Each structure stands twice: as structure tokens, then as C-alpha cells.
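Inside the fold
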Amino acid sequence: MEKNTPTHSRRSFLRSSMLAGGGLMISFSGFARFSPAGSLNEPDLPEQWYELTGYIKISPDNSIKIFNPNPEFGQNVMTSLPMIIAEELDVDWQNIAVEMGPHDNVKLGPQFAGGSNSIRMYWKPLREAGAAARQMLKVAAAQTWGVPVEEVTTKAGMLLHDKSGKSGKYGDFASKAAGIPIPKGVKLKEVKNFKVVRHSRQNVEGVKIVTGKPLFGMDYTHEGMLIAMIHHPPAFGMKLASFDAAETLKMPGIKDVFSMKLFDDGFEQAGFDTRTYNDLLVVVGKTTWEVMNARKKLKVTWAPISETKEVVAGFRGKSEVVVPAGLESTVSQMAKMAEYAKKPAKQLRKDGDPETAFRNAAQVLERTYNAPFLAHNCMEPMNFFAHVTDDSALLVGPLQAPGWVEPTLSKILKLPPEKIEIKMSRMGGGFGLRAYGHYVYEAALISKKIKAPVKLVYSREDDMTYGIYRPMYTATYRAALDANKNLIGFHVTGGGIPENPIHQNRFPAGAVDNYLADGWEIPSNITIGAFRAPRSNFNAAAEQSFLDELAELMGKDPIDFRLELLQRAKEKPVGTNNEYDADRYAGVLRLVKEKSGWNNAENKKYSRGVAAYFCHNSYAAHVVDIVKKDGQPYVERVFSAVDCGVVINPDAAINMVQGAVVDGIGNAFYGGLTHKDGVTEQNNFNRYRMIRLKEAPQKIEVNFVENDIDPTGLGEPPFPPVFGAVANALYKSMGKRFYNQPFVNDFKDKS
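Scoring rules and cut-offs
- Within every chain, residues take consecutive numbers counted from 1 along the sequence as written.
- Local features are withheld for residues below a pLDDT of 70 in this predicted model, meaning they are given only at 70 or higher, and side-chain atom pairs are given and counted only at 80 or more; totals for whole chains, interfaces and linings count all residues.
- Hydrogens are left out, water is left out, and the side-chain values use all remaining heavy atoms of the structure.
- Fitting a line to C-alpha atoms yields each axis, with helices limited to the stretch in contact; the angle taken between N-to-C directions then spans 0 to 180 degrees.
- Working definition: helices are DSSP H or I runs of at least four residues, strands are E runs of at least two. Numbering for both runs from the N terminus.
- For classification purposes, an angle smaller than 35 degrees is called roughly parallel, one larger than 145 roughly antiparallel, one from 65 to 115 roughly perpendicular, and anything else oblique.
- For any pair of crossing helices, the crossing counts as left-handed if the nearer helix is rotated counterclockwise from the farther one by less than a right angle, and right-handed if it is rotated clockwise.
- Whether two residues are in contact is decided by their heavy atoms, any of which lying within 4.5 Å being enough.
- Three categories are distinguished: nonpolar for Ala, Val, Leu, Ile, Met, Phe, Trp, Tyr, Cys and Pro, charged for Asp, Glu, Lys and Arg, and polar for the others, with Gly belonging to the last.
- When DSSP finds at least two bridges between two strands, those strands are taken to pair.
- Two aromatic rings, drawn from Phe, Tyr or Trp (for Trp, its six-membered ring), form a pair once their centres lie within 6.5 Å of each other, and the interplanar angle then sorts them: stacked below 30 degrees, edge-to-face above 60, tilted otherwise.
- Burial classes follow relative accessibility: with a 1.4 Å probe on protein chains only, a residue under 20% of its type's maximum area counts as buried, one over 50% as exposed, and anything between as partly exposed.
- Between Lys or Arg on one side and Asp or Glu on the other, a salt bridge is scored when a side-chain nitrogen of the former is within 4 Å of a carboxyl oxygen of the latter.
- Throughout this description, the term nonpolar core refers to a set of buried Ala, Val, Leu, Ile, Met, Phe, Trp, Tyr and Cys residues connected via side-chain atoms within 4.5 Å.
- Per-residue confidence from the prediction method is given by pLDDT, with values spanning 0 to 100.
- Like-charged residues within 9 Å of one another, or nonpolar side chains (Val, Leu, Ile, Met, Phe, Trp, Tyr) within 5 Å, are grouped into patches, provided each residue has over 30% relative accessible area and no salt bridge.
- Shrake-Rupley sampling with a 1.4 Å probe provides the accessible areas, and residues are treated as covered by the protein chains on show and by no other component.
- Polar contact criterion, stated in full: a pair of N or O atoms within 3.5 Å, where within protein one must be able to donate a hydrogen and the other to accept it, and residues adjacent in sequence count only if both atoms are side-chain atoms.

Moving on, we come to the packing of helix 15 (residues 558-571) against helix 16 (residues 582-596). Interaxial distance between helix 15 and helix 16 falls to 9 Å at its minimum, and their mutual angle equals 160 degrees. By the criterion of interaxial angle, the relationship of helix 15 to helix 16 is roughly antiparallel. Taken as a pair, helix 15 and helix 16 cross one another with a handedness that is left-handed. Two secondary-structure elements touch here, helix 15 through Ile 559, Asp 560, Arg 562, Leu 563, Leu 566, Gln 567, Ala 569 and Lys 570 and helix 16 through Ala 582, Asp 583, Tyr 585, Ala 586, Leu 589, Arg 590 and Lys 593. Across the contact of helix 15 with helix 16, the residue classes break down as 8 nonpolar, 1 polar and 6 charged.

And the structure:
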């Protein structure tokens, strides 16, 4: 058995107490909190337990319930996180119920869905929670039976003593266990003995989802609830000057129209307080339809903004952010990026003497890659409910990071955190957008202003024109070859609006003697934010496309070339800050090569492209097979290989990778958002091209590297390399390289 010493103090980590009626309650108050997950047919439980959150709950009648601590937007943590606890608790999965916990970062820990961190950050604390609870139950049984605790065993929620033949359910000993001192060290199961983890379990909310039960923020209702919508400027770089709401107020169901500020002048923003427009024009009414129609009657005058400087307290400390004036256009933005790319940039990493390597090179390959803004386009538009009074606030809705939102809510509402209750609904999409708090703050301030419960609703057009986009990026890659076509130098320089995309310590850094990475940024008033695998989603596309072209120039198989570089990084690494593990990186390439039959004769009919990438602590590789369909390139098959450590729920993990593949193909082919004089040109799905059902691959085969490494990320890592694999397959299909996303712009789209 593995011996584990907790990294947190007993006082901050575990706390046991009695539940009303005599039950066991264990809370992880220092970091994370456990919660059991169970069958789709949820058992009947004592009503008072539904009101408690963040604990393993065991009642005298042997009811066991686990609250999921982390936000859920389709990554299936409602099932996978409780599975971790159930494993160490040693209970029958079918006898456990699961419920979403509210925001409570004292009991539930970080509660952050992002950065592919959910499983990774809760893996050890949740295992310790289940194991500690099981040990306390064993001690309680041993004391009751008068036997050594070492002789007490557990199986599927039962306590057993073989020598005496005594047995009992967990519920029989829950009351006594609550008074047992919490053990200082906890023995955890060996991975090879897992019975719940590593075995596929159905989504605990599956039936609710397919039968349309109210799970999402848009479903939430509250007595006396009104609907609010915001009328924002038609273009980035503009602000509210004045308005006439006389006609709007005459419309049916309309209660009020007013303007307000989101943040007061000089407000110091937290890192995820990003917002597009600070001056809000709000329409409040009885129903969404009435408010949408009434909003059209507003007579508004807009004015240009002036350049401002804002102080943002982010993860790396405080910084001053410049928000320039002006109405930006994609054409001029592209020209400005091309101009910046020619200037000296900020050096991010340098190994060896790249300048001399390029000066003495027999041949230099140089290519530039570009990508546009991307909109998140969550299927559930942004929304949030708020009921704010003079002395309390209730907020309910889809949110990735409640702990990041609460401090700002406390400031703008002038309420202490303990007076603010945040409940998280299931999210209809997220991957970055719902980590930002602007829409939560808007709902809260509107409720406070009108002194009534209100749900703020964005229309699809609001959602797509409000910002928080994936940034525009560009990167130029250069490779220096000697007379024998050996790689002797590598240089990447990249920039963007308004951030640069470069991860300077990732592959092929560490595999080339002479290496240089630098970057630059251009300020913008178009707001950007995290988008599934931030920066990596562009880096992988550019880097993996370039490596393919470089391999061809060197006369090497693209997979073999990557493996050669990784072998060099393993045996004789350059530099000391390389983020990746060369063995694990090579492992996914070898696995995808095998599973795809990379060089098999029967696959010659396909135009094949490969790409691999490391991000969020995991490794992913794809082989994309393209055929011609109605004269257009179509991704018919994809083979995927992923190393993310221990896979908690295999079926759900496969679904996650398949979703990333389809998402990546769609964005690579079609994704793009442009502006003209500050106006977003794609404001709905009739203008913003999304992948269609008929365009999804017929087959996506997912394979995982089997190992016992603690789980790492999965939601984001499979996404970035899809872009590069598609680009490389397109080259084989179309006979030309693709350097600009979306790729559809470089071939006729007959659909």
C-alpha cells in the first residue's frame, strides 16, 4: 500500500463533526472537498442533508452522498471527482448520490474550472478524504466489536471482521466515527487495485440532461424575477453619451431603463475582472421577449472613447494596461502586426549562438502564420441571476471561477463576503469565457439598482459582439540548416493583439543547440481572454505546421523527425527550463503512429497529417485523414493519442478528446471574427461559420497511454494539435501549405 503523508495540517485539512440525527461529516476546509457520486436513480435521502454542502455524508440508514466541488460545463467532473472519493471510501458506486455544491472555498477549496486543473488539483485531497473517512469508520467498528482495527476490512460500504464473522454497514458506525480522532497519515490504495477509478461510469446527470430537467442558468427562476438586458455600443472604441428611453418605457412589460457604471473611476481590477464596456444602458422588464423588443426603441447617442490606463492586479502582481482610443479594423490590425513583426522584439529565451547559426546556414526556411480573433460562442448565451438587498446577495448561474468573482462582488456591492451566496448551475459551455466576472457584476448591480431579483440575459448578438475573444496572433518561424541539411538553428518570434502567443520553454526548445524565442504585443480596445488552451491553440498550429514543412525540406518522415528531436532533448537537453518530458511526448507520437497505421499501404488513399503538442501538463497527438467530398477537403478519420496520467472515467475521457477534435477541426477550417471600424462583422451564426454535423469526422479513435502517473490535464491538451494536423493533411490534399486561419479562406467553400 502507498503511504501518504498529508501536505496540509489536520486542522486545515480534515474536520469531523456530528450531523443532526447522528451521521459522519468530513470537510476538506484547507484545499478541496470530497463528494460521492452515484447512480442515475438517486436514492431517497434525509431532506436536511440536501441543505448541507461540501461533505461526505453518511446517515444511520447508510445513505451516502457526495457533493461535487467544482464547476461543471461538460467536462464531467460531476461524475469523475466523486469517483475519486468513492474509490478510497470503498463504497458501491451504485449506492451513492451526487449533488453540485455551492460556492464555499473554505470547505470546497479552489472551485476553479480552467487550465485543465479540476482533476489534477483535487486528485490527492479527494483520495485522502475518502481514505480518512474509511479509516475512521474502521476504528469505530473495531471499538464497537472489541477487535484490533488492523483486522477490520471494508468492501462496498460494509465493515467486516472475518475472525468473528461480524459485519455492519457504514451507516451503523457513522455516529461513532464522527468522534474518532482524525488519523495523521492515510494509506491510499495502489492504482492497480482501483475498482471505481479507471472504470467507465455513466454521467450522473445524463438522464436530467436528455430529459430537459432544469440544470442551466437559463433555466433558473425565482419568485418576482425580472429580466434585464444591456444595450452596449455598436463598436469597440465607443461609449454611451446620452439616451432617450421615452418610447421604450411605453412598451409592454417594461419596468425601467437606466444607465450605470460597472466599475467606479479608479477601480483596481482583479485579473479576471475583464469587461468591455463600463457605461451600461439597461432595460428591465417582465420577459425576455418584451425586453428585447423594447430595447430596439431606444434612441442612443454614442461617443468615441479616450485612451485610458487601468491598473490590473493579476497573478503576477499589479500592472498598468493601456486601452487605446480609436475604431480598429482587421485589415489595419493585420498591417500593424506585419509592421511590428519586422521590429526587434523582447527576448524570451536564448540558447547557444543562434545569430551565428543563421549567418552561416547553407539554407534557411522561414514561414509566417496568422490567426484571427475567435468568439467562444457557448451554446448557452451569457446569463446570471442576482437578488441583492441592503444586507445580502444571492447569485445563481453558470460560472467557472466563483472564488475569483466573490472579492470583486464584495467591493462593488459593499457587502462582506459572508453575506454573498453564490450557487453554480451547470454551464452550457465555457472554456474560458465564464472565468470572467463582468456578467455576474452586471447582474448584481442591476438587482441592487432596481431593488428586485433579476436575471441578466445576453442575446446571441450581445454575446458575440461583447468581446472576451481569443486574441489575434502571428508568428514567424525560421530554421537554419547546414550543407548536409542538419538543423543547426531555430528562431520563433510572435506577437498579437493584445498579447503574444509564445511559450518559449516548450518543444522544440531543448532539442536545438542554437535557439531563440522573442515576442511583442499591440494594445487594443477589443477585449480578449482565455480560450480553450490559451495561446497553445495557436502555437501548436504554427509550430506543428512549420515542423512538417521543415521535415519535408530535410527529407524526413514528419513523425520520425519529431522523434529524433525528442531523443536529442532526452539524451542531451539544451537549457534548463524545458517544460516537457521528452519520453512522454515521444510516447504519444509512437502510439498514434502505431494506432493510425501511419505507413500502412491501405492508408495511402488518405491525405494524412500529424501533429503533437504539450500543454496543461499533458501530451496529445493526432493523425488526421482527409479525403475529397463534393470537391472539398473533408476530415473523414482522426486517430488520437493522449498521455494525461491516470484516466478517471475512460468513456468520459474519450468523449472529451472527441469533442476537442471536432472543436479544433471547426475552428481551423472556419473560425474567424473580424472588425471594421470597431464593429464586429460576425454577430450571429448566420455570419460566424461553425462546423456542421455533416462535416464532423466519421471516426475519431482515441487511445490513452497507460501509466500510473497522477492525473494531469485533459480538457484543453487535445485541442491545440488538431489545428496543425489539419493544416498538414490539407497540404497533402490540396498541394499547398496553409499559413492563415481559417483555412477555408484559401479554398472555395461550396457549402
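Let us look at the sheet that holds strand 17 (residues 308-314). The 3 strands lie next to each other as 14-17-18, forming an open sheet whose pairing is mixed. The sheet is open, and its two borders are formed by strand 14 (269-270) and strand 18 (317-323), each paired with just one other strand.

Evaluation of the coordinates by the stated rule reveals 32 aromatic pairs. For the pair Tyr 220 and Phe 385, a centre-to-centre distance of 5.0 Å together with 55 degrees between the ring planes defines the contact as tilted. Taken as a pair, Tyr 220 in the loop between helix 6 (206-210) and strand 11 (226-230) and Phe 385 in strand 21 (residues 383-388) lie far apart in primary sequence, 165 residues in all. For Phe 385, a relative accessible area of 1% puts it in the buried group. Taking 6.0 Å as the distance between ring centres and 65 degrees as the angle between the ring planes, the aromatic pair formed by Phe 236 and Tyr 469 counts as edge-to-face. Here Phe 236 is found in the loop between strand 11 and strand 12 (238-244), whereas its partner Tyr 469 is found in the loop between helix 13 (460-465) and strand 25 (472-481), with 233 residues between them in sequence. With relative accessibility at 1%, the residue Phe 236 sits in the buried group. Among the aromatic side chains, those forming a connected cluster through ring pairs are Phe 236, Tyr 277, Phe 373, Tyr 458, Tyr 466 and Tyr 469.

Tallied over the full model, the rule gives 35 salt bridges. Two residues, Arg 426 and Glu 205, come together in a salt bridge whose shortest N-O distance is 2.5 Å. Highlighted residues: Arg 426 in the loop between strand 23 (420-424) and helix 12 (438-450) and Glu 205 in the loop between strand 10 (186-188) and helix 6, separated in sequence by 221 residues. According to the relative accessible area criterion, Glu 205 is buried, its value standing at 9%.

Once that is clear, we can look at the nonpolar core. With 149 residues, the main nonpolar core has Leu 409, Ile 446, Tyr 580 and Tyr 585 as its most contacted residues. Top contributing element to this core by residue count: helix 17 (residues 650-670), with 9 residues. In contact with Ile 446, other than residues within four places in its own chain, are Ala 228, Ile 230, Phe 258, Met 260, Val 282, Val 284, Val 454 and Leu 456. Among the nonpolar cores identified, the runner-up in size contains 49 residues, and Ile 58, Ile 85, Trp 145 and Ala 401 belong to it.

The predicted coordinates of low-pLDDT regions are not to be read in fine detail. Residues at a pLDDT of 70 or more form 92% of the chain, whose mean pLDDT is 90. Predicted confidence is poor over residues 1-54, with pLDDT under 50, and the contacts of this stretch with residues over four places away or in other chains come to 198 contacts.

A few words on the packing of helix 14 (residues 536-553) against helix 18 (residues 720-734). Packing of helix 14 against helix 18 leaves a shortest axis separation of 7 Å and a crossing angle of 35 degrees. Here helix 14 and helix 18 pass one another in a crossing that is right-handed. Together, Ser 536, Asn 537, Ala 540, Ala 541, Gln 544, Ser 545, Asp 548 and Glu 552 of helix 14 and Pro 720, Pro 721, Phe 723, Gly 724, Ala 727, Asn 728 and Tyr 731 of helix 18 make up the contact between the two elements. In terms of residue class, the contact of helix 14 with helix 18 is made up of 7 nonpolar, 6 polar and 2 charged.

Turning our eyes to something else, we now look at helix 8 (residues 288-295). Regarding helix 8, the residues found buried are Val 291, Asn 293, Ala 294 and Arg 295. Of the surrounding elements, those touching the buried residues of helix 8 are strand 11, helix 7 (246-249), strand 13 (254-261), strand 15 (279-285) and helix 13.

Glancing now at a nonpolar patch on the surface. Together, Met 379, Phe 685 and Met 690 give the surface a local cluster of nonpolar side chains, amounting to about 280 Å² of exposed area. As for its placement among the helices and strands, Met 690 is situated in the loop between strand 32 (679-680) and strand 33 (699-704).

Summarising the element assignment, Glu 695 is placed in the loop between strand 32 and strand 33. On the accessibility criterion, Glu 695 (11% relative accessible area) is buried. Reaching out from Glu 695, the side chain makes a polar contact with the side chain of Tyr 670 at a distance of 3.2 Å. Looking at Glu 695, its side chain comes within polar contact range of the side chain of Arg 689, at 2.7 Å.

This part takes up the sheet that holds strand 33. As summarised here, the arrangement of the 4 strands in space is 28-29-30-33, forming an open sheet in which the pairing is mixed. Of all strands in the sheet, those bounded by a partner on one side alone are strand 28 (607-615) and strand 33. Within this sheet the neighbouring strands show an average axis-to-axis angle of 20 degrees, counted without direction. Of the strand pairs in this sheet, strand 28 and strand 29 (residues 618-629) are connected by 9 bridges, and their pairing is antiparallel. Across the sheet, residue Arg 608 finds its bridge partner in strand 29, namely Asp 625. Sitting on the sheet, helix 17 is in contact with strand 29, strand 30 (632-643) and strand 33, with an inclination near 130 degrees to strand 33.

So, on to the environment of Val 147. Looking at where Val 147 falls in the secondary structure, it is placed in the loop between helix 4 (118-145) and strand 7 (152-155). Among the residues examined, Val 147 registers a relative accessible area of 15% and is labelled buried. As a C-alpha pair, Val 147 and Tyr 585 span 438 residues in sequence and 51 Å in three-dimensional space. When near neighbours in sequence (up to four residues on either side) are disregarded, Val 147 contacts Ala 142, Val 152 and His 161.

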